[in-house]
Amino acid sequence: MIYLPDFKEKSVLFIKAGDFNESKIKFSNDNIVFLKDEKVENRVSCHKIFVVFIIGELSITSVLVRKCLQYGVSLFLLGRDFKLYGSFGAKAEGNYLLRMKQYNFNKEFLFAKQIVKNKVFNQLRLLRKKRIIEKAKYQNLKAEVFSKIDLAKDNQELLGIEGSQQKNFYGLYFKELGWYRRVPRAKVDEYNLLLDIGYTFLFNYCDSLLRLYGFDTYKGFYHKLFFQRRSLSCDIMEPFRCVIDRQLLKSFKLNQINKKDFKVANGAYVLNFQESQKYAEIFLGAISEYKEEIFKFTHGFYRAVLTGSDKLPVFKV
């Protein structure tokens, strides 16, 4: 298990690989070393890394994987389309006490409501900060949505409330982008594609933290069991989606998003691989800005499950 003082010193490493035969990473003298054409391009101490995202094709050694797990470093392998196809995660599967508490957890719906409230709270805060809604309307909307959440009788009703609120939020917050609608993974435009990329990084970041504590990340409480879905990681990332939303609008206003970086293939928008590093750094930078808050929230969730608390921590963007 890792504690906050140590976690503060950790960073996220992003590696954009080239051709499979040209690029590789290996372990050497407590460092992760990136080589291109057998020449050292960069090296970073394992003591300073929390998670490594590798995008593209390269070769890795079994020694590197073993050492990463030893040092608590998670490796995520993504294709050029940013789709995750493999991972090696540092984890504490031996935390059987936590697993027993998690599997016998009886406050799933209570925690689900708190997660949705936290997500809605941050969406409304973003709208208020951008002066898209006035203070009085902000207070009224929060009271109205929170009341609906409190009165929700089951998970399906809660999902409906969240979906309706999210649709309204996207339409208001991204209006100046010429927003169409949110279509996850369909890549119907540049902004949906960028949200997919940002959410992918956020999801895997949360998954890494949860596995460090020893959680079974397939067993969620809001997102129910579904084949090959890490439902618990989906749950924990919900209050933090606003970090990616805010960064997308910020990048748009700073003219960091260039439509020439994208192309359409088979009816879907794709990002030119040469430009992937720019957007990866943008979203990973946004996540790193809140890494302590994400850690504290995850630690608070861990304590709540172990102690049987009725209350989750609250993240404020």
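That block above? That's the structure.
What this report covers is the structure whose coordinates are included nearby. (Residues numbered from 1 in each chain as written. Predicted model: local features only at pLDDT ≥ 70, side-chain atom pairs only at ≥ 80, totals over all residues. Heavy atoms only, no water.)

**Quick word on the overall build of the chain**
Looking only at helices and strands, one finds 11 helices and 10 strands in the chain. Computed over its C-alpha atoms, the radius of gyration of the chain comes to 20 Å, within 12% of the 20 Å expected for a compact globule of 317 residues. For the chain, buried positions account for 53% of its 317 residues. Pairs at least 24 apart in sequence give 66% of the contacts found in the chain among residues at least 6 apart. Summed over all atoms, the accessible surface of the chain reaches about 15600 Å², with 50% contributed by carbon and sulfur. (Helix = DSSP H or I, 4+ residues; strand = E, 2+ residues; numbered from the N terminus. Rg over C-alpha atoms; globule rule 2.2 N^0.38 Å. Buried < 20%, exposed > 50% of the residue type's maximum accessible area, 1.4 Å probe, protein only. Contact = heavy atoms within 4.5 Å. Areas by Shrake-Rupley, 256 points an atom, 1.4 Å probe, with all protein chains shown as cover.)

**Quick notes on the sheet that holds strand E8 (residues 84-88)**
Within the open sheet, the four strands sit side by side as E1-E5-E7-E8. Their pairing is mixed. The open sheet has two edge strands, strand E1 (11-16) and E8, and neither has a second partner. The average angle at which neighbouring strand axes cross in this sheet is 15 degrees, direction not considered. Pairing geometry for strand E7 (residues 74-78) and E8, over four bridges, is antiparallel. Of the residues in E8, the one forming a bridge with Phe76 is Ser87. Lying on the sheet, helix H7 (residues 190-213) is in contact with E1, strand E5 (49-55), E7 and E8; it crosses E5 at an angle near 140 degrees. (Pairing = 2+ DSSP bridges. Axes fitted to C-alpha atoms, helices over the stretch in contact; angles between N-to-C directions.)

**Describing the packing of helix H9 (residues 241-253) against helix H10 (residues 276-289)**
Packing of H9 against H10 brings their axes to within 10 Å, and their N-to-C directions diverge by 130 degrees. By the angle between their directions, the pair H9 and H10 is classed as oblique. Between H9 and H10 lies a crossing of right-handed hand. On H10, the residues touching Val243, Ile244, Arg246, Gln247, Leu248 and Ser251 of H9 are Ile282, Phe283, Ala286, Ile287 and Glu289. For the contact of H9 with H10, the residue count by class is seven nonpolar, two polar and two charged. (Parallel < 35°, antiparallel > 145°, perpendicular 65-115°, else oblique. Left-handed = near helix turned anticlockwise from the far one by under 90°. Nonpolar A, V, L, I, M, F, W, Y, C, P; charged D, E, K, R; others polar.)

**So, unusual backbone geometry**
Phi is positive for Asp30, close to 65 degrees, though the residue is something other than glycine. By secondary structure assignment, the location of Asp30 is in the loop between strand E2 (23-28) and strand E3 (31-36). Classification of Asp30 by relative accessible area gives partly exposed; the value is 32%. Phi at Asn255 takes a positive value of approximately 60 degrees, unusual for a residue other than glycine. Locating Asn255 in the fold gives a position in the loop between H9 and strand E9 (262-265). The exposure class of Asn255 is exposed, given its relative accessible area of 68%.

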